[in-house]
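As a plain string of letters, each chain reads:
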Amino acid sequence: ILQKLSGIVLDAVKVLNINFACVDIIETDKHDYKILEINGSVTMGKFASFSSENYNLAKNIYKEAILENLK
């Protein structure tokens, strides 16, 4: 599933020329995956609040994204 979802997301962000975004995906009743929306503002606050491991993961994702976009 991860490979399939990654492909859907990568295709969408390439078409839209987006470097950093949150992509919401839904599974239909026919077990297809569709993009519900793409948000330019990414929030991982809830995810990060569950544990220090999640916090560090979110922190590193933001750090890498920012550094990549500074290139």
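Residues numbered from 1 in each chain as written. Predicted model: local features only at pLDDT ≥ 70, side-chain atom pairs only at ≥ 80, totals over all residues. Heavy atoms only, no water.

Caption draft 1: Structural context of the environment of S49. By the element assignment, S49 lies in helix α2 (residues 45–49). Classification of S49 as exposed rests on a relative accessible area of 53%. Considered as a pair, S49 and A65 are 16 residues apart in the sequence and their alpha carbons are 20 Å apart. (Helix = DSSP H or I, 4+ residues; strand = E, 2+ residues; numbered from the N terminus. Buried < 20%, exposed > 50% of the residue type's maximum accessible area, 1.4 Å probe, protein only.)

Caption draft 2: Looking closely at helix α1 (residues 2–16). Between its terminal C-alpha atoms α1 stretches 21 Å, which fits the 21 Å expected from 15 residues at 1.5 Å a residue. N17 lies just past α1 and shows a positive phi near 55 degrees. (Expected span 1.5 Å × (residues − 1).)

Caption draft 3: Spotlight on the layout of surface pockets. The calculated volume of the largest pocket comes to roughly 310 Å³. V9, V13, I18, N19, F20, A21, C22, V23, V42, M44, I61 and A65 are the residues that line the largest pocket. Taken together, the elements giving at least two residues each to the lining of the largest pocket come down to α1, β1 (22–27) and α3 (52–69). Considered class by class, the residues forming the lining of the largest pocket number 11 nonpolar, 1 polar and no charged. (1 Å grid on protein atoms, 1.4 Å probe; cavity = no way out; pocket = protein on both sides within 12 Å on 5 of 7 lines; lining within 4 Å. Points joined across faces, edges and corners; volume = space filled by probe spheres on them. Nonpolar A, V, L, I, M, F, W, Y, C, P; charged D, E, K, R; others polar.)

Caption draft 4: α3, seen in detail. Taking 1.5 Å of rise per residue, the 18 residues of α3 would be expected to cover 26 Å, and the 26 Å separating its terminal C-alpha atoms lies within 8% of that figure. Inspection of α3 places N54, A58 and A65 among the buried residues, and these make up the whole buried set. Along the axis of α3, the buried residues cluster in a sector spanning 35 degrees; they form a single face. Those residues of α3 that are exposed and angled more than 90 degrees off the buried face are S52, E53, K63 and E64. Buried-residue contacts for α3 involve α2. (Arc of directions from axis to C-beta. Contact = heavy atoms within 4.5 Å.)

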